[in-house]
Amino acid sequence: MSKVLGRESTLSRVLRSWQLYVLLIPALVWLFTFAYYPMYGLIIAFKDFRIRAGILASPWAQPLLKYFQQFFSTSIAVESIRNTILLSVYQLLFSFWVPIVFALLLNQIRGARAKRVVQTVSYAPYFLSNVVLVSIISVLFSANGVINNLIVASGGEVKLFTSQAQYFRPLYIGSTIWQSMGFSAIIYIAALTGINPEYYEAAMIDGAGKLKRILYIDIPLILPTVILMFILAVGNIMTVGYEKAYLMQAAGNTTVSEIISTYIYKVGLQTAQYSFATAVGLFNSVVNFVILFIANWLSKRFADISIF
Amino acid sequence: MKKAMASHRHFEARTRGDMVFDALNAVIMVLISVIIIYPMWYVVIASVTDPKIVNTGKLLFYPEAVYLDGYSRALEFPSLTFGYLNTIKYTLMSVAVSLCTTIPAAYSLSRLDLPGRKAIMFLFTFTMFFSGGIIPMYLTIRSVGIYNSSWALVLPAAVSVYNLIVCRSFFDSTLPIELLEASKIDGCSDFGFFFRIALPISSTIIAVMALFYATSMWNTFFNALMFLQDDNKMPLQVVLRNLVLANQLSQGSSGAEFAERQRIIDQLKYVIITLSALPLMIAYPFLQKFFVAGVTIGAVKG
């Protein structure tokens, strides 16, 4: 009896909320068209996709994993996976801590106005597009650009930054730090602002200087935010910004700049090998998802912080 | 009295270590600001300086020989005008469409009494961590029939799940449940509450969302490359990219005529970088309040 009543009330609750569902419709239409329908499209990784026949009518690949095997039989597979992982791991190592240090230091600036000015300046580059960013790199670091001019003036030799492989990663990661340090710091700055001033007062009475206050109050208290950001960063390790990598590619640096996603774009859209490129993309997404899952599990287990 | 003051002074007084720290910190902050500003400043200055001086590669702090031909030439460059107008059009469309999809959905998902709320939220959140990828997206755009139209840029970007979560957190924290209950007693429907009560007090989040969506559409590049075909539909970012590439290609050639052409192209490059970044650079100091608000709201929920 009560079960029936409970059921009825769920149904009537749904009916009573119909207006809330109407408000959701546009976003749900988007969700199914542009997020889940493409996921359904992933099955072409297991088919010999013909654009005329469509997804359903295209025959299954023989064997089913034909395109995955094809990918792993090429030398580009190992190279692009390696390039993707190295680029993201280096990026994580070199850029993750920078906004945290910046936020901690900025938080110690005494003048409220100076603090605001520096902060506002710091996230200006975030509003630049990748195209503009890479264009700025290409003019500053070109053979006759400002940087090379400075190097020559101080007795060095002209370096071909934008076309030689050894400069690709430093430029890529350096420009990421330049562009996103201020933006990434916002979250840490907000966390620092939320710290109860009584902690500082108590520490000052005990004679703790600024450095000690940073080490023993600020850092422990923003640690949960840091861990959360770290999981998110680890969870995106395979989705390193392919737009910038693509834009920074030059004939001389593809040995390090060809990452999985730029490779997918080339074989998929420029040479129309749809099934093959989708298989490569699926491999990338699955690996990324597994890494995210492991990172989240570890942090849930050891720090009790989780994103889902 | 004197004693009290002395102890107060003692409390405020900075140790020598703190003074060293403050001095070092100030130096670091100035250095960071210079490193961030200078590259952008250089490009702006180079766009109004005689290319002969710019090409020597010296540091520029102010325009040594003002040269505005770049700007007048840029205006004669048809693809730039097209690109600019296209980008403005796509940005306006995107903001309008995205606000209409994101804000109602975020409100709905902020209602704890929405049956199935958790499941629907999961469907959205899942897409942040797993997606179909480039090729299935491209095929979707084709099969929906919007390839090579404005909608090919606007519709896929209609909802950003991150923005949706930020927006929902805003409603979570600004609309007290008592307000809803009181309105319900007065016979207010869900539509009525959303349109007449929730929306009017949500101008902050509307501004934040408009800013987030506008910035991302203004800067869109790869989607345009994939989902558009006609040159006259390309947004500014693609036009800028083509110009920079054109420049690189002609680097191998020589001759007096090429040198002259090269100068024009070099100048144009600075002009177009400046023109394409300028609107956001001018707008953001005024909008940054909303911007920081948005990021902070998002961080609360994570």
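What counts, and where the lines are drawn
- Residues numbered from 1 in each chain as written.
- Chains lettered and ligands numbered in written order.
- Predicted model: local features only at pLDDT ≥ 70, side-chain atom pairs only at ≥ 80, totals over all residues.
- Heavy atoms only, no water.
- Helix = DSSP H or I, 4+ residues; strand = E, 2+ residues; numbered from the N terminus.
- Contact = heavy atoms within 4.5 Å.
- Buried area = accessible area lost by both parts, 1.4 Å probe.
- Salt bridge = Lys/Arg side-chain N within 4 Å of Asp/Glu carboxyl O.
- Polar contact = N/O pair within 3.5 Å; in protein donor to acceptor, adjacent residues only side chain to side chain.
- Nonpolar A, V, L, I, M, F, W, Y, C, P; charged D, E, K, R; others polar.
- Core = buried A, V, L, I, M, F, W, Y, C linked by side-chain atoms within 4.5 Å.
- Buried < 20%, exposed > 50% of the residue type's maximum accessible area, 1.4 Å probe, protein only.
- Patch = residues over 30% accessible without salt bridge, like charges linked within 9 Å, V, L, I, M, F, W, Y side chains within 5 Å.
- Areas by Shrake-Rupley, 256 points an atom, 1.4 Å probe, with all protein chains shown as cover.
- Domains from an automatic or database assignment.

Draft legend 1. The arrangement of the environment of A:Ile264 in detail. Mapped onto the elements, A:Ile264 comes out in helix H15 (residues 260-270). Considering only alpha carbons, one finds A:Ile264 and A:Gly156, 108 residues apart in sequence, at a separation of 39 Å. Beyond its immediate stretch of four places on either side in the chain, A:Ile264 contacts A:Leu269, A:Ala277, A:Val280, A:Gly281, B:Ile134 and B:Ile135.

Draft legend 2. Geometry of the interface of chain A and chain B. Listed by partner, the interface residues are 95 residues for chain A and 89 residues for chain B. Taking both partners together, chain A and chain B bury about 8,400 Å²; carbon and sulfur atoms supply 77% of that area. On the chain A side of the interface with chain B, the three residues burying the most area are A:Leu23, A:Phe34 and A:Phe127, jointly 10% of the side's total. Here chain A is connected to chain B by two salt bridges. Here A:Lys210 ties to B:Asp22 by a salt bridge, and the two come within 2.7 Å at their closest N and O atoms. Counting across the interface, chain A meets chain B through 17 residue pairs in polar contact (both at pLDDT 80 or more). Ranked by the residues each element gives to the side of chain A that touches chain B, the list is headed by helix H2 (residues 18-40) of chain A, at 20 residues. In the side of chain A that touches chain B, the residues fall into 69 nonpolar, 19 polar and seven charged.

Draft legend 3. Just the nonpolar core, in detail. Counting residues in hydrophobic clusters, the biggest one holds 190 residues, and the most contacted among them are B:Tyr42, B:Tyr107, B:Phe124 and B:Met209. Ranked by the residues each element gives to this core, the list is headed by helix H10 (residues 165-193) of chain A, at 14 residues. In this view, B:Tyr42 contacts A:Leu140, A:Val146, B:Val54, B:Lys58, B:Leu60 and B:Tyr270; residues no more than four positions away in its chain are not counted.

Draft legend 4. Highlighting a nonpolar patch on the surface. Residue and element names in this part refer to chain A. On the surface, Val286, Val290, Ile294, Trp297, Leu298 and Phe302 cluster together into a nonpolar patch covering about 600 Å² of accessible area. Tracing the backbone through its elements, the reader meets Phe302 in helix H16 (residues 274-303). Residue classification places Phe302 among the exposed positions, given a relative accessible area of 63%.

Draft legend 5. Seen up close, the domain arrangement of chain A. Partitioning chain A into domains gives domain 1 (2-34) and domain 2 (74-303). A C-alpha centroid distance of 41 Å is found between domain 1 of chain A and domain 2 of chain A.

Draft legend 6. Inspection of unusual backbone geometry at higher detail. A cis amide bond links A:Gln62 to the next residue, A:Pro63, at an omega of -10°. Although it is not a glycine, B:Asn148 adopts a positive phi angle of roughly 65°. By the element assignment, B:Asn148 lies in the loop between helix H7 (134-144) and helix H8 (151-154).

Draft legend 7. Region of the structure containing the pattern of salt bridges. All names here are of chain B. The tally for this structure, following the rule as stated, stands at nine salt bridges over all chains. Of the charged contacts, one joins Lys184 and Asp190 as a salt bridge, the two residues approaching to 3.0 Å between their closest N and O atoms. By relative accessible area, Lys184 is classed as partly exposed at 36%. Three or more residues joined by partner-sharing salt bridges are found here, namely Arg111, Asp113, Lys184 and Asp190.

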